[in-house]
Structure formats: structure tokens, C-alpha cells
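Take a look at the letters that make up each chain.
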Amino acid sequence: MLSATDPGLSPLNLAIRLSLFYAGYFLVAGVLFPFLPLLLEARGMSPLQISLLMALALWLRAAAGPLVTRHADRTGDSRKPLLACAVASLLVMLAFYWAAGFWVLLLVNIAFFFAYSSIGPLAETISLRTVSAESGYGRVRLWGSVSFVVAAIAGGFALDARGGLPGSTIVTLLLIPLAILLLFSFTLPKAQAKSDERAIAPLKTLLSNKPFVLFLVATAMIHAAHGVYYGFSTIHWTSVGYSNSTVGLLWGEGVLAEILLFAFGAPLVRRMGPIGLISAAAALGALRWAVLGLTTELWIVALVQLLHAASFGAMHLGAMLFITRAVPNAYANSAQGLLGGLTYGAGLGGGLLLAGWLYGLYGADAYWSNAALSALALPVVLWLALSWRGKMMTARET
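Here goes a summary of the coordinates provided. On a predicted model such as this, the values are computed, not experimentally measured, just so you know.

For soluble globular proteins, the rule of thumb is that nonpolar side chains tend to be buried together. The biggest cluster of nonpolar side chains holds 130 residues, and the ones touching the most others in it are F212 and F215. The greatest single-element share of this core, amounting to 15 residues, is contributed by helix 1 (residues 11-42). Ignoring any residue separated from it by four or fewer positions in sequence, one finds F215 in contact with I278, A319, F322, I323, L339 and L384.

Moving on, we get to the pattern of salt bridges. Applying the stated criterion to the full structure yields 1 salt bridge. The partner of E258 in a salt bridge is R141, with the nearest N and O atoms 3.6 Å apart. Note that E258 is positioned in helix 10 (residues 244-264) and R141 in helix 5 (residues 136-161), a separation of 117 residues in sequence. With respect to class, E258 is no different from R141; both count as buried.

Turning next to the packing of helix 9 (residues 227-239) against helix 10. Helices that pack against each other are described as a pair by the angle of their axes relative to one another and the distance between those axes. Relative orientation of the contacting elements helix 9 and helix 10 amounts to 145 degrees, with a least axis distance of 9 Å. Where helix 9 crosses over helix 10, the handedness of that crossing is right-handed. Contact with helix 9, carried on its side by Y229, Y230, S233, T234, W237 and T238, involves N244, V247, L250 and W251 of helix 10 and no other residues of that element. Along the lines of polarity and charge, the residues of the contact of helix 9 with helix 10 split into 6 nonpolar, 4 polar and no charged.

One pass over the full model with this rule turns up 24 aromatic pairs. Geometrically, the ring pair formed by F21 and Y22 is edge-to-face, given 5.7 Å between the ring centres and 70 degrees between the ring planes. On the basis of relative accessible area, F21 is assigned to the buried category, the value being 1%. Centre to centre, the rings of F232 and Y359 are 4.9 Å apart; their planes meet at 15 degrees, and the pair counts as stacked. Taken together, the positions of F232 in helix 9 and Y359 in helix 14 (residues 332-362) put the pair 127 residues apart, joining distant regions of the chain. Taken as a pair, F232 and Y359 share a single burial class, namely buried.

This next bit is on helix 8 (residues 210-224). Over its 15 residues, helix 8 runs 21 Å from end to end, which matches the ideal 21 Å to within 8%, given 1.5 Å per residue. Counted residue by residue, helix 8 has 12 buried out of 15 residues, so it is predominantly covered. Residues of helix 8 that are buried include every one of P211, F212, L214, F215, L216, A218, T219, A220, M221, I222, H223 and A224, and no others. Those residues of helix 8 that are buried are in contact with helix 7 (202-207), helix 9, helix 11 (266-294), helix 13 (308-326), helix 14 and helix 15 (367-388). Backbone nitrogen of F212 and a side-chain oxygen of the N-cap are separated by 3.0 Å at the start of helix 8; the cap is N209.

With that out of the way, let us pick up the environment of S387. Mapped onto the elements, S387 comes out in helix 15. Among the residues examined, S387 registers a relative accessible area of 25% and is labelled partly exposed. Once you skip the residues sitting within four places of it in the chain, S387 turns out to touch K210, P211 and L214. A distance of 2.9 Å separates a polar atom in the side chain of S387 from the backbone oxygen of W383.

Position of H226 relative to the elements: it lies in the loop between helix 8 and helix 9. Judged by its relative accessible area of 0%, H226 is buried.

Cut-off values and rules
Residues numbered from 1 in each chain as written. Predicted model: local features only at pLDDT ≥ 70, side-chain atom pairs only at ≥ 80, totals over all residues. Heavy atoms only, no water. Core = buried A, V, L, I, M, F, W, Y, C linked by side-chain atoms within 4.5 Å. Buried < 20%, exposed > 50% of the residue type's maximum accessible area, 1.4 Å probe, protein only. Helix = DSSP H or I, 4+ residues; strand = E, 2+ residues; numbered from the N terminus. Contact = heavy atoms within 4.5 Å. Salt bridge = Lys/Arg side-chain N within 4 Å of Asp/Glu carboxyl O. Axes fitted to C-alpha atoms, helices over the stretch in contact; angles between N-to-C directions. Left-handed = near helix turned anticlockwise from the far one by under 90°. Nonpolar A, V, L, I, M, F, W, Y, C, P; charged D, E, K, R; others polar. Phe/Tyr/Trp six-rings, centres within 6.5 Å; stacked < 30°, edge-to-face > 60°. Expected span 1.5 Å × (residues − 1). Polar contact = N/O pair within 3.5 Å; in protein donor to acceptor, adjacent residues only side chain to side chain.

Listed below in C-alpha cells is the structure:
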């Protein structure tokens with residue numbers, strides 16, 4: 001598991017450092033994902049332009065993450081590039097105070113997501129080299145979800161209390177957690193790979209491995225199916241009369257279900273394994289999006305939000321478990337970079353672009369395309385199971 005870390009640090013000390021980092025990282029996300037669409041809408045962007053701005057920035061993640069993590073695998077050091085990206089994220093966010101117009105917003109979005117999106121994959125490698133994927137990982141990762149809930153709910157109440165917030169205030173609210181993230185990034189353990197575990201051609205090796213490619217396709221489809229939710233659920237729910245605080249609570253509720261899975265799901269994770277977890281995410285994700293396409297009845301929406309534990313939480317835990325069981329330590333950063341870039345970046349980016357087009361035409365009926373996409377991931381997961389059979393891929397000699 002762990003290759004090399006800071007000497008003298010106890011397991012509890014390491015867990016606290018990782019927990020604080022995740023809290024800072026997802027504190028940013030808790031403001032960014034629910035309220036960035038509102039910021040863009042306030043700057044005069046149409047639904048299609050909002051989806052383009054978010055999708056193009058996320059597609060860049062498909063290149064940025066693997067490039068940064070490839071460097072980390074070749075040097076064996078994840079911490080230094082992570083710190084550089086944290087600094088860059090904070091500095092670029094300042095430009096949002098003045099950014100206006102589609103092309104300027106696009107450039108600033110690209111620069112921000114290039115830096116911010118590269119932080120997560122590097123941190124995941126540090127975590128999985130420090131704690132167990134089956135049990136310890138969920139318990140440190142859950143603090144990121146906790147901070148996301150706090151940020152989303154607080155943001156919703158802030159919008160209600162002030163009758164909405166100007167774009168500049170949302171930018172300020174993002175700068176604060178970005179500064180906290182940078183502070184906690186300095187406390188991360190080193191968790192460096194040993195000198196004899198440095199990779200020569202990590203991206204080529206991973207992308208020529210059939211099970212790993214199928215893993216990326218399946219998780220990308222499942223995460224792309226969140227496109228309408230991440231891009232337009234806030235706009236849709238407020239348009240049908242939900243208050244901003246109610247929307248914040250709905251976002252928080254979904255992540256609370258995810259927290260419970262991370263905190264208490266270790267026996268389930270061990271029993272289901274990566275294939276079982278990813279399959280559950282696809283099937284229950286399809287159910288979630290179908291229900292949201294059918295109704296805006298608040299109690300039903302609140303109930304189905306609990307399935308976020310499956311559509312995102314189970315998929316994420318399954319992905320972490322697959323990487324630890326299928327990918328050699330020498331390629332861990334690059335595997336996380338490809339997962340972040342192609343699943344959480346290009347996959348979600350494509351889903352957002354499709355969502356913007358369909359939501360503009362059909363409104364909430366766009367959720368049906370998300371339900372279909374999630375369901376279609378199931379045969380891909382089956383193909384993955386038949387191709388992989390639980391084997392660790394062979395690392396190239398360095």
C-alpha cells in the first residue's frame with residue numbers, strides 16, 4: 001500500500017491530515033458546483049452557453065489531469081505538483097471578479113479547472129498510499145462530503161437571506177475555501193513512490209490495457225449521466241418554486257447519503273467489490289434520473305436524492321478499489337489522472353453539453369437521457385468483469 005511517507009507520523013495523524021485536506025478541497029466544490037451556474041446566468045449566459053462553459057472547461061481536465069499526474073509518476077512525488085495547482089487555483093479565481101462575456105469566461109474557466117481539477121487525482125494517490133481502500137479511505141474522504149454539505153446548505157440560506165447574491169460575492173465565497181485548501185495542502189503527507197517504482201510510460205501502458213479502458217468507459221457513462229443534475233437542477237428547482245435554501249438542503253441531503261456510505265459502508269465495499277459497486281451505481285443512477293424526470297413533488301425528490309450514495313458514492317468507492325486492485329503502484333497517479341480527466345472531466349463535460357442542449361429544448365425531460373445513459377453502462381460493466389477477473393495488470397520494468 002504505502003511506499004514512503006513522512007517518518008514518525010502516526011496513523012491517526014496521517015488520517016487527520018488527509019481529512020482536513022478533503023474538507024478544504026470539497027468546501028470549494030460545495031460552492032462551485034451548486035452556484036457556478038447561477039454566477040454564469042447572472043453574467044447573461046444562456047442555458048446552452050452555461051453548459052458549453054462548464055463542459056469545455058471539464059474537457060480540458062481530460063488533458064490536464066493526466067499530464068500533471070504523469071509527471072508525478074515519473075518523479076514519484078505527488079505533493080509538489082499538488083501544491084503548485086492549489087496556488088494556481090487561488091490566483092486564477094481572482095480573475096472571475098472582472099470576467100464577463102462568453103470568451104473571457106471561457107478562458108478563465110479553462111485556467112481555473114486546469115489547476116483545480118488536477119488537485120483531486122494527486123490527492124487520491126496520496127490517500128490510497130496512506131490508508132486502506134477497503135476501510136480507511138472512506139472515513140477520511142467523508143470529511144470532504146461533510147464540508148460540501150455545509151457549503152451547499154449555507155450558500156442556499158445566504159441566497160435566500162439576501163434575495164440572491166451578485167457574482168462578485170460568489171467569487172469571494174469561492175476565494176475563502178480556496179485559501180483554506182491551500183493551507184491544508186501543506187499538511188499532506190509525502191507518500192512518495194520508491195525509486196524502483198517510477199513509471200516509464202504510464203499513460204501508454206494504462207490505455208493499452210483493455211480492462212482499464214472498459215473501467216474508464218463505464219465510469220464516464222455513469223458520471224456523464226449526472227449532467228442535468230449538476231448543470232441545471234438548481235435552475236430547474238428554483239424555476240418551479242423551490243426556495244434557494246430548499247435547493248441547498250436537497251444538494252446537502254444527497255451528499256449526506258454519500259457520507260453515510262463512506263462512514264459505515266466498509267463491510268459493503270468489501271462484500272460487493274469494485275464490479276458490484278459500479279454496477280449498483282449504474283442501475284440506481286438510472287432509477288434516480290428517471291424519477292427526477294417524472295416529478296417535482298418535493299417529498300419524492302427528497303427521497304430520490306438519497307440515491308446519490310449510489311450514483312456517485314458507490315461509483316467512486318468502486319473506482320478507488322478497482323485502481324488499488326488492478327493498477328500497480330508505479331502507475332497510481334496516472335490512473336487517477338485518467339479517471340479524473342476522462343470520467344470526472346470529459347465524461348461529465350459531455351454530459352453537461354448534452355444536458356444544456358436537451359434542457360433548453362425539453363426542460364426536465366432531459367433527465368430521461370441521463371437515465372438511459374446510466375442504464376447503458378451496465379453491459380459495459382459486465383464486459384469489464386469478464387475481461388478483468390480481478391487481476392493486477394503487469395507493470396513495465398523501469
